[in-house]
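Each chain, written out:
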Amino acid sequence: MDTYLFLGIDGLTSGAIYALLALSLVLVQTATRVVNIAQGEYLMLGAMTLASLLDGDVPPTLGLVLAGGLLCLAPDIAALWTSPRRFVRAALPYCLLAALALTLVYITLHVLPGTVMSMATTLVLVTLTGPIIYRLSVRPKLDADAVVLVIVSVGVQMVVHGLALILWGAEPRPVAAAVQGGVVGAGVFVSWQAVAILVVAGLATLGLYAFFELTLAGKALRAASVSRRGAQLCGIAPERAGAISFALGAGLSALGGMLVAPLVTANVDIGFVVGLKAFVGATFGGLVTYPLALAGVALVGVLDSFSAYAASGYRDAIVFMLVIPIMLWRSGRAGQWEGDR
Amino acid sequence: MSSRSGRFLMSALLAATFLALPRPLYAQQSKPELRIGAVLAASGGAASIGTPERNAVALLQERYADADLPFTVKIVLYDDASDPTKSTSAVRRLVQEDKVHIVICCTTTPSSAAVLETLTASGTPAITLAAAASVVEPASSHHEVFKTSATDRLMVARMLEEVGTLGAKRIAVLFADDSYGDSGLAALQSLLPSQPAQLVATERVARNDTNFTPQALRVRQANPDIVYIHTYTPACDLAQEALRRVGYTGPIIQSQGAASAAFLSLGGRGVEGTIVTVAPVLLHDQLPASDPMKAKLDEFVRLYDAKFGAGKADTYSAMGWDPVNLAVKIFGDMVQTGKDVSDLEATRRGLRDGIEATKNYVGVSGVFNFSPTDHVGLLPKGAVLLSTVKDGRFVLLPN
Amino acid sequence: MRQFFFCALAAVIAAVIGLAPAYYVSLTILAGIDALAATGLIVLIQAGQVSLGHAAYVGLGAYASAILTRDVGLTPWLGLLAGAAVAALAALPLGFVALKLRGTYLPLATLAWGMAVYVTLVAATPITGGPSGFDHVPPLRVAGVDLGVAGGAERGCAALVWLLVLLATVSLARLLRSRQGRALRAIRHHEALAVAFGINPARVKIVAFVLSAALAGFAGALYAHQAQFVSPAPFGLGASFTLLIVVMLGGIGHPVGAVLGAITVALTNLTLQTVFSGLISRIGPVEPVAFGLLLVVLLLKWPGGIWSALEPHLPPRARRQSIRPSVLCGRPATDARKAEPILELRHVEKRFGGLQALCDVSLRVLPQAILGLIGPNGAGKSTAFNIMSGLSRPTSGEVLMDGRCLKGRPWQVIGQGLARTFQHVKLVEGMSVLENVALGAFWRGNAGWIACLIGLDRAEEAATLQAAAAALACVGLTAQADLPCSSLPLGRQRLVEIARAIAAAPALLLLDEPAAGLRAGEKAALAALLQRLRSEGMTIVLVEHDIDLVMRSVDRLVVLNTGRVLADGPALKVRNDPRVIDAYIGAGVA
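Not measured: the values here are computed from a predicted model.

**Quick word on the overall build of chain C**
Counting its regular elements, chain C contains 23 helices and 14 strands. In terms of principal-axis extent, the alpha carbons of chain C reach across some 90 × 50 × 50 Å. For chain C, the proportion of its 590 residues judged to be buried stands at 62%. Taking all contacts inside chain C whose residues are at least 6 apart in sequence as the whole, residues at least 24 apart take part in 76%. In the structure as shown, chain C presents an accessible area of about 21,900 Å², 62% of it carried by carbon and sulfur atoms. Here chain C contributes 49 positive and 33 negative side-chain charges, whose respective centroids are spaced 2 Å apart.

Take a look at the structure:
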């Protein structure tokens, strides 16, 4: 019995690793109807950027953000000759954001090094990559079929992961925990880091709920994903809504990456591994509700723990096979097939 | 994009492609040319192992480009992304299109096994970097394949020796669930019957797992005297951490996968006192001056660290160093003895025979003595050393 | 002619196989195997399903065939079939599961299943050799020549593989154009439509899953015997996504998209390897980045794939036979049964939870007459319509068709003589007008999957197209037969829907607000059509809001209000009934 309790608690805390990424998956799906296969890469970028900053190096993410911003600005460069004022107006936000990014990195490396500053800078840098990727990969063909957008996100994943491999290399890096140590309950060691993740995830859920249900901006984002034309008629720019959604999703994932890195080390492959299990957990809520996404990752963590104990060679197979009956159960509640109207 | 600029882009792309295609390699050379092909994993699951191997080969490519030799050395590198299908394709390309004399392939065991038929059919010699003994033994069915580093069987044998020395009777193991772990487990299971120690728990872990606690718990509950972990970073660190957290206090042995600077930096204080099976390169500054490999090791570390950073020379970069040098040496011998090296098939055969006849070749992964029945050519004692982690460094354990 | 394009493609491939250096021929073998697995995936996507874990079936086929031929001694040719069978069996549970899953659940279920299979292949070392795989897989032998990687007979192997690809592409293209193919494509866009015309969606989906898995398993077995080595690495998630990339790049509109996609991916990889092999040491592994970039750029430029960019430039498919329609549009009832109602509702009640939608509704539809069903919104017209068309069951009461109780599953209703149209036009994109109408005649045929694949359905197909042409002639759209249905204005699309219902040779035609969104001229044409159909013996039930059109067309009128029948009788009498005017029509309308 002891062992079961142990495994249960262990499963819950290890499920926490997927929590923030699962939330961001739900966010991006509800706000843009895109099932984003590349979402895990923002988590990886968060972890790797933090590792670089804590090591005292200029994070390659800065280069990605600057280059990406330049690419986004590219269509407007032609305006430099024809209408300089238009170019300046278009370029101004990019320049401001670039200046912000450069300033933050400088401050973190030379003026105020430390965990807090590094985490803040990482958050800003990776959040900026969200709208950049949105601008380059989703906005050009907003009305494309869902399957096409999924495959485009696969391409994005290849690019981001490949670039990370080139820029950071394949070696894992240690990241010091913001809060060291932990508490022992029922014989199980629960690190404060894991507790911190759960607290942040809970707060994030509340915040997301408040944002999407209670604020006008949040409702506008939801509206834009349900009916683009309708939202346009109400004065909501779908492109801006999409960019904001991607930014929020990237930021949330990056936060997840920063908190998770001390537990599993920062390496360029964690995006895929964490992403897959987070996907499975988020599906528990049909990719539409936050609390159920959290419940889902807890379930995945517990399943993982138990099957790793029982038959460690087959643990992944067991978890993935159990996903299907769970999905059947969840989908069944979503209503039977109905006739016309 | 307008269709006119689209067409321009397409034609530019096509032009670039045609210009980039390799030219036939039969251009008149004043000197004979040794062509070495290398298929190593620069991306995919084995990237952390394949990259240092590639780096070593690339460094040699640079050095041989302006070396003063009676022949030129051309090295062609392909990335197989840790996929056996791509490995086979790449080796085919090297053998049929690039017409190389010798192939260095591959990083992983399944890739090395997949390319065997292609190599045998064309008679091209190959030096493999994969860990499993099965890719190079028995020599009768692996006529063309050699290995210039320790196999997993040698490493596990050395580890079991130490287990015996420590007097441990109950051993629990954690093996990776990829080909590295699988072939290591197979080696362990074949060697174990002749040992006094008894296997009390076998658990599988994945290199990129996020939670090692359940397996660690199972191991601890089996009450072992000693635990052996056989996987790469970061799993080897996280597994060790998990073992300590569930209350296991006994000794831990790590495999060659942990023989790297990353293991030390990730593990910190937690890995002090761990026994690690290492290749000689990590302990090069602790070897006595009388050791035949010392001079070569020091030179390798100096050159490698100069280009890639201090402390970067490790087991895998050393594994990439020897194959090229060995090939160059044999080819040089052939040229010096006046053999005609213009016929591709004859040269391949000559290289193969030359490697097989090599005795006492001092490399950076060991001293090699090949024979028709032994394509690994290593004695266990020399190639696999044991070390312990002390003050954040690997310290040689005397025999 | 369109055939020229396909012949040219085949000729180019044959030329490469025959003339190119051996290494490039070996690349075509791998491309061909990818194409074979991808054609099955295209069929699955055409059925509206998606499989994010398809490489698992390729792997199952490879391992099954390898194990059976190496350890059990089966001949490799049977091994190919065994591989296909094992993969098909493994897809069966997922096919059943797919019936119950909606929305994002289905792709994720296929992903989970694919991962589970992959991990099992890795973990079951005693059977599968584990992550290191196993070798010495026997090759295929043709005329005494080994077609494996050791045999050196790359050209023979490539010829075999591409012959199989040709066979698969041609058969599947045939299938998609045939009776079962129309059913398949209907399921993708409008499942309700498919059911209304006699198609059992469950059966179609399962067959689609099994067929695509069988093709993937066959391709996997081919791979195993060609490489003479299997390991799990080529069958993981990355490989599943590569298959999807092949399919999306090539285009899902036609099975040849798999060929186009596989060739494109192979060429891209070859080019990237050539261009970047020297640079890797200096920069790093650039190939995956370049591939991803290319993928994003190409897909954004041509979301429908290469086929969608090529197809508009190809001449349209020539229709093989000329249509000679006969012009009987209705099904006149015999004199003896002129007085018996064709459709009757007796005391029908329908409750949705606490809401009483219909209460004691009884009505009769007499043959060769038009019955109008009107009423305010929320009166229960749609509910009554769905019950009449067999789509939903009444909570109590009876629905009688030709005196017999309407029974069976929703897709068996059309066989009992009821055909309907839809309020929101449901025409299948990608099919021509004639093909859409031919969908109506689905239930009258019986060509099965095998027959459609290998071409045994020629006679039945000709008869079906004749029936469809006749139905089109009834509504006067013969000239538009070969146009894509999406190119027609709404009024004509509604006429196509009616033609489709006529093609089912029903005893009763149920029209659901056919005039919604039509212009005045189109409404007049519709009214004229209804009159003509009635005069030729068709019985029609018309649910409408346009009182003008209703009064011009119907003989009898039933008015529903808050779930009850308010009035039922000859049109003019009901029209002037004060209760009806009160509840619905309002005074002041002429």
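Back to the write-up after that little detour.
**Quick look at a nonpolar patch on the surface**
On the surface, Ile77, Leu80 and Trp81 of chain A cluster together to form a nonpolar patch covering roughly 340 Å² of accessible area. With respect to the helices, strands and loops of the structure, Leu80 of chain A is situated in helix α4 (residues 79-82).

**Some words on the sheet that holds strand β11 (residues 508-512) of chain C**
All names here are of chain C. If you walk across this open sheet you meet the six strands as β10-β11-β12-β7-β13-β14, and the pairing is mixed. Sheet topology places β10 (418-420) and β14 (564-570) at the edges, where each strand pairs with a single neighbour. Direction aside, neighbouring strands of the sheet carry axes that sit 15° apart on average. Of the pairings in the sheet, the one linking β11 to strand β12 (residues 539-543) comprises five bridges and is parallel in character. Residue pairing across strands places Leu509 opposite Ile540, the latter belonging to β12. Helix-sheet contacts for helix α20 (residues 520-535) involve β7 (370-374), β11 and β12, and the interaxial angle to β12 is about 150°.

**Structural notes on helix α3 (residues 55-72) of chain C**
All names here are of chain C. End to end, α3 covers 25 Å across 18 residues, agreeing with the expected 26 Å (1.5 Å per residue, within 8%). Burial runs high along α3: 14 of the 18 residues are buried. Directly beyond the C-terminal end of α3, a positive phi value near 90° is found at Gly73.

**Some words on the sheet that holds strand β6 (residues 170-176) of chain B**
All names here are of chain B. Across the sheet, seven strands lie side by side as β7-β6-β8-β9-β10-β13-β14; this open sheet has mixed pairing. Two strands bound the open sheet, and with one partner strand each, they are β7 (198-205) and β14 (393-396). The mean inter-strand angle of the sheet, taken between neighbouring strand axes irrespective of direction, is 25°. In this sheet, β14 lies alongside strand β13 (residues 385-390) in antiparallel orientation, the contact comprising four bridges. Bridge pairing links Ser387 to Leu396 in β14. Set on the sheet, helix α7 (residues 179-191) makes contact with β6, β7 and β8 (226-230); between it and β6 the angle comes to about 155°.

**Some thoughts on the side chain of Glu53 of chain B**
Residues and elements named next belong to chain B. Position of Glu53 relative to the elements: it lies in helix α2 (residues 47-65). This buried residue, Glu53, is left without a salt bridge; Lys147 holds the nearest opposite charge, at 7.9 Å. A distance of 3.1 Å separates a polar atom in the side chain of Glu53 from a polar atom in the side chain of Thr107. Beyond its immediate sequence surroundings of up to four residues, Glu53 is in contact with Leu40, Thr107, Leu129, Tyr316, Ser317, Met319 and Gly320.

**Some words on unusual backbone geometry**
Phi is mostly negative for residues that are not glycine, and the peptide bonds are mostly trans. A cis amide bond links Cys105 of chain B with the next residue in sequence, Cys106 of chain B, at an omega value of -5°. Omega for the bond connecting Glu137 of chain B with Pro138 of chain B falls within 30 degrees of zero, at -5°, which places this linkage in the cis form. The residue Pro138 of chain B is located in the loop between β4 (126-128) and β5 (145-147) in this model. Even without a glycine there, the phi angle at His136 of chain C is positive, about 60°. Tracing the backbone through its elements, the reader meets His136 of chain C in the loop between β1 (134-135) and β2 (141-142). Assessed through its relative accessible area of 52%, His136 of chain C is described here as exposed.

**Regarding the interface of chain C and chain B**
Contact residues are listed per partner, giving 36 residues for chain C and 35 residues for chain B. Where Arg92 of chain B meets Glu154 of chain C, a salt bridge forms, and the shortest distance between an N and an O atom there is 3.8 Å. There are six residue pairs in polar contact (both at pLDDT 80 or more) connecting chain C and chain B. Secondary structure elements with two or more residues in the side of chain C that touches chain B: α2 (22-46), α10 (201-227), α12 (256-276) and α13 (287-301) of chain C. The biggest single contributor to the side of chain C that touches chain B is α2 of chain C, with six residues. Here the residues of the side of chain C that touches chain B are counted per class, giving 19 nonpolar, 14 polar and three charged.

**Considering the domain arrangement of chain C**
All names here are of chain C. Entries for chain C in the domain assignment read domain 1 (8-238), domain 2 (337-417 + 506-590) and domain 3 (427-503). A straight line from the C-alpha centre of domain 1 to that of domain 3 covers 32 Å. Taken together, the contact between domain 1 and domain 3 spans 21 residues of the former and 26 residues of the latter. Between domain 1 and domain 3, a total of about 2,300 Å² is buried, with carbon and sulfur atoms accounting for 64% of that surface. Applying the counting criterion to the domain 1 and domain 3 interface returns two salt bridges.

**Let's talk about the interface of chain A and chain C**
Taken together, the contact pairs 45 residues of chain A with 52 residues of chain C. Counting the surface lost from both chain A and chain C, the interface buries some 4,200 Å², and carbon and sulfur atoms represent 78% of this. Summed over the shared surface of chain A and chain C, the result is zero salt bridges. Linking chain A to chain C there are zero residue pairs in polar contact (both at pLDDT 80 or more). Within the residue set of the side of chain A that touches chain C, elements represented by two or more residues are α6 (115-137), α7 (146-168), α12 (270-283) and α14 (315-332) of chain A. Sorting elements by how many residues they give to the side of chain A that touches chain C places α7 of chain A first, with 13 residues. Residue composition of the side of chain A that touches chain C, by class: 29 nonpolar, 10 polar and six charged.

**Re the pairing of strand β6 (residues 355-365) of chain C**
All names here are of chain C. Note: strand β5 (residues 343-352) against β6, seven bridges, orientation antiparallel. From the neighbouring strand, Val348 faces β6, where its bridge partner is Val361. From the end of β5 to the start of β6, which pair antiparallel, there are two residues, and Gly353 there has a positive phi angle of about 65°.

**Section: the packing of aromatic side chains**
Applying the stated criterion to the full structure yields 20 aromatic pairs over all chains. Between Phe300 of chain B and Tyr304 of chain B the ring centres are 5.7 Å apart and the planes differ by 40°, which places this aromatic pair in the tilted class. Taken together, the positions of Phe300 of chain B and Tyr304 of chain B, both in helix α11 (residues 294-308) and four residues apart, correspond to about one turn of that helix. Exposure remark for Phe300 of chain B: the relative accessible area of 1% places this residue in the buried category. Of the residues examined, Tyr304 of chain B reaches a relative accessible area of 2% and is grouped as buried. Between Tyr223 of chain C and Phe235 of chain C, the ring centres sit 6.0 Å apart and the planes meet at 90°, which makes this aromatic pair edge-to-face. Of this pair, Tyr223 of chain C sits in helix α10 while Phe235 of chain C sits in the loop between β4 (229-230) and α11 (237-250), placing them 12 residues apart in sequence. A residue is classified by how much of its surface remains accessible, and Tyr223 of chain C, at 9% relative accessible area, is buried. Phe235 of chain C sits in the buried class, given a relative accessible area of 3%. Through a chain of ring-to-ring contacts, the aromatic side chains of Phe300, Tyr304, Phe308 and Trp321 of chain B assemble into a single cluster.

**Side note on the pattern of salt bridges**
Residue and element names in this part refer to chain C. Scanning the model with the defined rule gives 35 salt bridges over all chains in all. Taking the shortest distance from any N to any O, the salt bridge between Arg556 and Asp568 comes out at 3.2 Å. Of this pair, Arg556 sits in strand β13 (residues 556-561) while Asp568 sits in strand β14, placing them 12 residues apart in sequence. Judged by relative accessible area, Asp568 falls into the partly exposed class, the value being 36%. Through salt bridges with shared partners, a single ionic network connects Glu344, Arg346, Arg364 and Glu398.

**Considering the environment of Ser191 of chain A**
Of note, Ser191 of chain A is situated in strand β2 (residues 188-191). Among residues more than four places away in sequence, those in contact with Ser191 of chain A are Gly181, Gly182 and Leu263 of chain A.

Cut-offs and rules
- Position labels on residues start from 1 in each chain and follow its written sequence.
- As they are written, the chains are lettered A onward and the ligands numbered 1 onward, keeping that order.
- Under the rules for a predicted model, residues below a pLDDT of 70 receive no local features and side-chain atom pairs below 80 are neither given nor counted, while totals for whole chains, interfaces and linings still include all residues.
- As a rule here, side-chain values come from all non-hydrogen atoms in the structure, and water together with hydrogens is ignored.
- In DSSP terms, a helix is any run of H or I states spanning at least four residues, a strand is any run of E spanning at least two, and both are numbered starting from the N terminus.
- Throughout this description, buried means an accessible area under 20% of the type-specific maximum (1.4 Å probe, protein chains only), exposed means over 50%, and partly exposed covers the range between.
- Residues count as neighbours in contact if any of their non-hydrogen atoms are within 4.5 Å of one another.
- Here, Shrake-Rupley sampling with a 1.4 Å probe gives the accessible areas, and only protein chains in the shown set may cover a residue.
- Positive charges come from Lys and Arg, negative ones from Asp and Glu, while His and the chain ends are left out of the count.
- Charge coordinates come from a single atom per side chain, which is NZ of Lys, CZ of Arg, CG of Asp or CD of Glu.
- Exposure above 30% relative accessible area and the lack of any salt bridge qualify a residue for a patch; like charges then connect within 9 Å, and the nonpolar side chains Val, Leu, Ile, Met, Phe, Trp and Tyr within 5 Å.
- A pair is scored as a salt bridge if a Lys or Arg side-chain nitrogen falls within 4 Å of a carboxyl oxygen belonging to Asp or Glu.
- A strand pair is defined by DSSP finding two or more bridges across the two strands.
- Whenever a helix is involved, its axis is fitted only over the stretch in contact; in every case the axis is a line through C-alpha atoms, and angles between N-to-C directions fall within 0 to 180 degrees.
- One fewer than the residue count of a helix, multiplied by 1.5 Å, yields its expected span.
- Polar contacts, as counted here, are pairs of nitrogen or oxygen atoms within 3.5 Å of one another; within protein the pair requires one atom able to donate a hydrogen and one able to accept it, and residues that are adjacent in sequence qualify only if both atoms are side-chain atoms.
- Here the term charged refers only to Asp, Glu, Lys and Arg, the term nonpolar to Ala, Val, Leu, Ile, Met, Phe, Trp, Tyr, Cys and Pro, and the term polar to all other amino acids, Gly among them.
- Start and end points for every domain follow an automatic or database-based domain assignment.
- Buried area is a sum: the accessible area each of two parts loses on coming together, probed at 1.4 Å, counted once for each and added.
- Pairing of aromatic side chains requires ring centres within 6.5 Å, counting the rings of Phe and Tyr and the six-membered ring of Trp. Pairs whose planes differ by under 30 degrees are stacked, by over 60 edge-to-face, and all others tilted.

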